[in-house]
Amino acid sequence: MARTVHIIGAGLAGLSAALDLSARGDRVIVHEATAFVGGRCRSYRDAALGMIIDNGNHLLLSGNHAALAYLRSIGAEGRLIGPPSAEFSFVDLANRERWTLRFNDGRLPWWILNRSRRVPSTHALDYVALARLLWPRLGKSVGEVIACNGPLYRRLVEPLLLAALNIDPPQGSARLASAVVRETLGAGGRACRPLVARDGLGPTMIEPALAALQSRGAVVRLEHQLRALRFGAERIEALDFGSDAVVLNAADAVILAVPPYAAAALVDGLSVPTEFRAIVNAHFAIDPAAGQPPILGVLNGVVQWIFAFPGRVAVTISAGDHYIDTTRDALAKTIWNEVAAVTGLPDALPPWQIVRERRATFAATPAQDAKRPGAATRWRNLALAGDWTDTGLPATIESAIRSGNRAAALIARQSA
Ligand SMILES: Cc1cc2nc3c(=O)[nH]c(=O)nc-3n(C[C@H](O)[C@H](O)[C@H](O)COP(=O)(O)OP(=O)(O)OC[C@H]3O[C@@H](n4cnc5c(N)ncnc54)[C@H](O)[C@@H]3O)c2cc1C
């Protein structure tokens, strides 16, 4: 009997699982609660700006091997752009000092020995302390493993971990920080090239995936929210969508690729992360300044990263929970004042949009990290996916895609 794999949730975790299983020849149906595909990683037409923008600026690194394999598999790898080598420009708002970090390609980090490549006001020996982050320390926070002060911390470790973990780094899980450091700085500059979606997340990560799924006969059903699972002793027996239900054949399987709070509502007693951190993005309809770097790190400001796109300048503030209740007008003005100050763009506020995702990622603390379940469940035809499942990485595109790959492999093995 031909089997069907039902994938619940059309974020990157669900899409990557759907791509893997449809490539093996399984019949795949993706059920998505909302009217759009992509979950937390999507593009939309913004009325205030009159242009298509992403829900948030998303940065990939060249070492994100699962994300790059996903893009290759849908023919979209060429839609990412970035510098030919790993370079990150920074400006310090406190004293207007500017510098560019230039990692060398290989694993041996000789950039540390070169004053013009390393972080200003640091010494080569300072970097030895970073080695403490290379080994995972279970249950420990970053603040318990390294000293969270001094120029190297403020100018390199803090911006890196804040962006990757989406949490104030001293509170962050040392295990997750260690995975980030091992897969970026520890892997050499070749793994650290910053990459962004040239034409937006939709045309890069989502639409080509939908086209690939369609060409393999997979079905994506929008506005089809799973309301309940019917549990047998060993397997899921049926899916309840409210207005309709699907009874599963003995060979059918389910991948639950929904956010943690949705998974917990569907599976009694499932351990999931329960705390979250926000990300705030601001978008301004204006051409970037001449010579503005594609990505600029900002220290000692509200703004953390400034992205330059054709006709648009966009800002990211990770762990942005402080700004969730600030009025939108006041936030837009504060952010623009800083952008104008560091880019030389005019002081007058251009047309703007603020997008605040309250539950952008689970809070990457040691306690929340410990709540993440693996892909397997006690029901043999039910697997879990999502950036919040225990991938060993913080909640990122790479984690979401690896989780989808892993859930698909588990379901594929069970049918073999
Ligand atoms: C503003 C912002 C900026 C970010 N920046 C970066 C970055 O720079 N780099 C990076 O790597 N990562 C970044 N991330 C994280 C990245 O977007 C996420 O890790 C990734 O998109 C999560 O994918 P997912 O499939 O696990 O979950 P989701 O995208 O949340 O997908 C889950 C899907 O399940 C659906 N769903 C929920 N309940 C049901 C139900 N009952 N039935 C059917 N469907 C259901 C949801 O509607 C959703 O579409 C950012 C996230 C945000 C919000």
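In what follows, the accompanying structure is described. Everything numeric in this text was worked out from a predicted model, so none of it was measured. (Residues numbered from 1 in each chain as written. Predicted model: local features only at pLDDT ≥ 70, side-chain atom pairs only at ≥ 80, totals over all residues. Heavy atoms only, no water.)

Re the overall build of the protein chain
Scanning the protein chain for helices and strands turns up 10 helices and 20 strands. Compactness check: the protein chain gives a C-alpha radius of gyration of 22 Å against a globular reference of 22 Å for 416 residues, within 12% of the reference. When the backbone C-alpha atoms are referred to their principal axes, the protein chain occupies close to 65 × 45 × 40 Å. Here the protein chain holds 416 residues, and 56% of them are scored as buried. Working note: accessible area of the protein chain is about 17,500 Å², and carbon and sulfur atoms make up 53% of it. Taking the average place of the 44 positive charges on the side chains of the protein chain and the average place of its 36 negative ones, the gap between the two points comes to 4 Å. (Helix = DSSP H or I, 4+ residues; strand = E, 2+ residues; numbered from the N terminus. Rg over C-alpha atoms; globule rule 2.2 N^0.38 Å. Buried < 20%, exposed > 50% of the residue type's maximum accessible area, 1.4 Å probe, protein only. Areas by Shrake-Rupley, 256 points an atom, 1.4 Å probe, with all protein chains shown as cover. Lys, Arg positive; Asp, Glu negative; His and termini not counted. Charge placed at Lys NZ, Arg CZ, Asp CG, Glu CD.)

Describing the packing of aromatic side chains
Applying the stated criterion to the full structure yields nine aromatic pairs. A ring pair is formed by Phe90 and Trp305, whose centres lie 5.6 Å apart and whose planes are at 55°; its orientation type is tilted. Of the two residues, Phe90 is situated in strand β7 (residues 87-92) and Trp305 in strand β17 (residues 305-309); the sequence distance between them amounts to 215 residues. Comparing Phe90 with Trp305 shows no difference in burial state: the two are buried. Seen from their ring centres, Phe231 and Trp379 are 4.7 Å apart, and the 45° between their planes marks the pair as tilted. A residue pair is termed long-range when its members are at least 10 positions apart, and Phe231 in strand β11 (residues 228-231) and Trp379 in the loop between α9 (366-369) and β20 (382-384) qualify at 148 residues. With a relative accessible area of 9%, Trp379 lands in the buried category. Stacked on the ring of Phe276, the Lys or Arg Arg359 has its end atom at 5.8 Å from the ring centre. (Phe/Tyr/Trp six-rings, centres within 6.5 Å; stacked < 30°, edge-to-face > 60°. Lys NZ or Arg CZ within 6 Å of the ring centre and 35° of its normal.)

Side note on the pattern of salt bridges
According to the stated counting rule, one finds 17 salt bridges in the structure shown. In this structure, the salt-bridge partner of Arg155 is Glu97, at a minimum N-O distance of 2.9 Å. With Arg155 in helix α4 (residues 151-165) and Glu97 in the loop between β7 and β8 (98-102), the pair connects residues that are 58 residues apart, well separated along the chain. The exposure class assigned to Arg155 is buried, which follows from its relative accessible area of 7%. Judged by relative accessible area, Glu97 falls into the partly exposed class, the value being 27%. Notably, a salt bridge pairs Arg175 with Asp390, separated by 2.6 Å at the nearest N-O pair. Of the two residues, Arg175 is situated in helix α5 (residues 174-183) and Asp390 in the loop between β20 and α10 (397-415); the sequence distance between them amounts to 215 residues. Each of Arg175, Asp369, Arg372 and Asp390 takes part in one network of salt bridges that share partners. (Salt bridge = Lys/Arg side-chain N within 4 Å of Asp/Glu carboxyl O.)

What to know about unusual backbone geometry
One non-glycine residue, Asn166, lies in the positive phi region at around 55°. Structurally, Asn166 can be placed in the loop between α4 and α5. Note on Asn166: relative accessible area 2%, which makes it buried.

Regarding helix α1 (residues 12-24)
Its 13 residues give α1 an end-to-end C-alpha distance of 18 Å, which sits within 8% of 18 Å, the value for a rise of 1.5 Å per residue. With 10 of 13 residues buried, α1 is to be regarded as a mostly interior element. Within α1, burial applies to Leu12, Ala13, Gly14, Leu15, Ser16, Ala17, Ala18, Leu19, Leu21 and Ser22. Where α1 is buried, its residues touch β1 (4-8), β2 (27-31), α2 (65-73), α6 (201-215), β14 (253-256) and α10. Phi turns positive one or two residues past the end of α1, at Gly25, with a value near 100°. (Expected span 1.5 Å × (residues − 1). Contact = heavy atoms within 4.5 Å.)

A few points about the site of the ligand
For the ligand, the set of nearby residues contains 34 residues, the closest of which are Glu32, Arg40, His58, Leu59 and Asp387. A distance of 2.7 Å is found between an oxygen atom of the ligand and a backbone nitrogen or oxygen belonging to Leu59. One of the backbone nitrogen or oxygen atoms of Ile397 is found 2.8 Å away from an oxygen atom of the ligand. For the ligand, whose accessible area on its own is 1,000 Å², the fraction buried by protein is 92%. (Near = heavy atom within 4 Å. Polar contact = N/O pair within 3.5 Å; in protein donor to acceptor, adjacent residues only side chain to side chain.)

Section: the sheet that holds strand β12 (residues 236-240)
If you walk across this open sheet you meet the three strands as β11-β12-β13, and the pairing is antiparallel. In the strand order of this sheet, the two ends are held by β11 and β13 (245-247), each with one partner. With direction set aside, neighbouring strand axes in the sheet form an average angle of 20°. Looking at chain direction, β12 and β13 are connected through three bridges and run antiparallel. Bridge pairing in β13 places Leu239 opposite Val246. (Pairing = 2+ DSSP bridges. Axes fitted to C-alpha atoms, helices over the stretch in contact; angles between N-to-C directions.)

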